[in-house]
Amino acid sequence: MKARTAVPAALLLTLTACTTGPSLENRGEVTAPPGDSRHLTVGSAGFTESDLLAQMYAQLLNQAGYRTSLITVANREIYEPALESGQIDVVPEYAATFADWLNAKANGPDAPPVGSPDLDATMKALRRLATPRGLTVLDPGRAVDQNAFAVTAAFAREHHLRTLSDLGASGLPVRLAAGDECVQRPYCEPGLKKVYGIDITGIDPKGVGTTVAKRAVQSGQDQMVLTTTTDATLGQFGLVLLADDKHLQNADYVVPVVNRARAGGEGATKALGKLNDVLTTADLAAMNQQVDSWRRLAQDVARTYLRDKGLVK
């Protein structure tokens, strides 16, 4: 496997402009059979979890006889067109987020969202949007990186809280550490109030899952923080997640997305699908921790995990 390459956005834009995906008049139909190029480029969005997933994808493809290169393109506005054009062949994505992104690209920023807590409906919408662009969305596994809410373990024990429903039923006032947009986003303050009946008294704009946000909850300044299900640092702050038992959050399951003409064949699909049988949300969180807290290389963490699961030698 070749070393990772960081591709300048300007260069990638130039290259994607010189290559072609499905023509506009042919979008809506798929005319080419799935391809099986033996040298595939795996893209990462440049954050820890995406790096880990890209490394696992590359190593699984190597095990199946492919040659792989990895590149990092942090901007979805850049890497998605590169995926369509075939400059990038495989990327890890998140079902609901990517569905809504493609929907906005196709139908405008004000288009009603198609991602939802329903995984089957989300996948159907995602594939409907991806297929005309020459993309194939492979099956999701068990791993999901959704928005999630955490409180201190002491607060949870004191008030007997395991779920967001428990918090709503408690009637406790809650100041929430989150991003500015939480006030308007349906999965955040409005949803917590409407779906769970939680008494949100205010939003402390400290960002999503940031250190300063977690410290605000740890100190008691705030009672809850918006983070993600694969946040590996919660234990360091004495925090625990409350279960989203009424499924407020969208189905952001990890899904590989491939360029159909280059990587849509059975070989790549089967190789990447092996991860679905083993990878869990907890596994992702643990690997994130090894990279972020223990300073291990994503490549090494990915290799160890795949070897432990018997997926690579």
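Novice: Just checking my understanding: could you explain the nonpolar core for this structure?
Specialist: Residues Met56, Leu61, Leu275 and Leu279 are the most contacted members of the largest nonpolar core, which totals 35 residues. Where this core is concerned, the elements lending two or more residues are strand E2 (39-44), helix H2 (48-63), strand E4 (90-94), strand E11 (254-259), helix H11 (266-273), helix H12 (281-292) and helix H13 (298-308). With eight residues, the single largest contributor to this core is H2. Setting aside its immediate chain neighbours within four residues, Leu61 contacts Leu40, Val42, Tyr66, Thr68, Val90, Ala268, Ala271 and Leu272.

Novice: Where do I start with the environment of Gln289 in this structure?
Specialist: Tracing the backbone shows Gln289 in helix H12. Distance in space between the C-alpha atoms of Gln289 and Thr48 is 9.3 Å, their sequence separation being 241 residues. In this structure, Gln289 is in contact with Ala232, Gln236 and Trp294, ignoring residues within four places of it in sequence.

Novice: I keep staring at the packing of aromatic side chains and nothing clicks. Help me out?
Specialist: Between two aromatic rings, the relevant description is the distance of the centres plus the angle of the planes. Evaluated as defined, the whole model comprises one aromatic pair. Between Phe98 and Trp101, the ring centres sit 6.4 Å apart and the planes meet at 10 degrees, which makes this aromatic pair stacked. With Phe98 and Trp101 both in helix H4 (residues 95-107) and three residues apart, the pair spans about one turn of that helix. Accessibility assignment for this pair places Phe98 and Trp101 in one class, buried.

Novice: Would you explain the pattern of salt bridges in this entry?
Specialist: Close approach of charged atoms lets side chains of opposite charge pair. In the structure shown here, the tally under the stated rule is 13 salt bridges. With a closest N to O distance of 2.8 Å, Asp139 and Arg127 form a salt bridge. You can see Asp139 sitting in the loop between strand E5 (135-137) and strand E6 (147-152) and its partner Arg127 sitting in helix H5 (residues 119-130), a full twelve residues away along the chain. On the basis of relative accessibility, which here comes to 31%, the residue Arg127 falls in the partly exposed class. Of the charged contacts, one joins Arg303 and Asp300 as a salt bridge, the two residues approaching to 3.2 Å between their closest N and O atoms. Of this pair, Arg303 and Asp300 both sit in helix H13, three residues apart, roughly one helical turn. What makes Arg303 partly exposed here is its relative accessible area of 23%.

Novice: What am I meant to see in the pairing of strand E9 (residues 224-228) here?
Specialist: Residues in a regular strand project their side chains so that they alternate between the two faces of the sheet. Burial analysis of E9 places four of its five residues in the buried class, the great majority of the element. With four bridges joining them, E6 and E9 adopt antiparallel strand pairing. Looking at the pairing, Ala150 lines up with Val225 of E9. Sheet topology places strand E7 (residues 173-178) next to E9; two bridges connect them, and they run parallel. Each residue of the ladder has a partner; that of Leu176, found in E9, is Met224.

Novice: Any chance you could explain H4 here in plain terms?
Specialist: Spacing of three or four residues puts side chains on the same side of an α-helix, whose turn is 3.6 residues. Taking 1.5 Å of rise per residue, the 13 residues of H4 would be expected to cover 18 Å, and the 18 Å separating its terminal C-alpha atoms lies within 8% of that figure. Listed in full, the buried residues belonging to H4 are Ala95, Ala96, Phe98, Ala99, Trp101, Leu102 and Asn103. The positive-phi residue at the C-terminal boundary of H4 is Gly108, with phi of around 100 degrees.

Each value, and the rule that gives it
- Residues numbered from 1 in each chain as written.
- Predicted model: local features only at pLDDT ≥ 70, side-chain atom pairs only at ≥ 80, totals over all residues.
- Heavy atoms only, no water.
- Core = buried A, V, L, I, M, F, W, Y, C linked by side-chain atoms within 4.5 Å.
- Buried < 20%, exposed > 50% of the residue type's maximum accessible area, 1.4 Å probe, protein only.
- Helix = DSSP H or I, 4+ residues; strand = E, 2+ residues; numbered from the N terminus.
- Contact = heavy atoms within 4.5 Å.
- Phe/Tyr/Trp six-rings, centres within 6.5 Å; stacked < 30°, edge-to-face > 60°.
- Salt bridge = Lys/Arg side-chain N within 4 Å of Asp/Glu carboxyl O.
- Pairing = 2+ DSSP bridges.
- Expected span 1.5 Å × (residues − 1).

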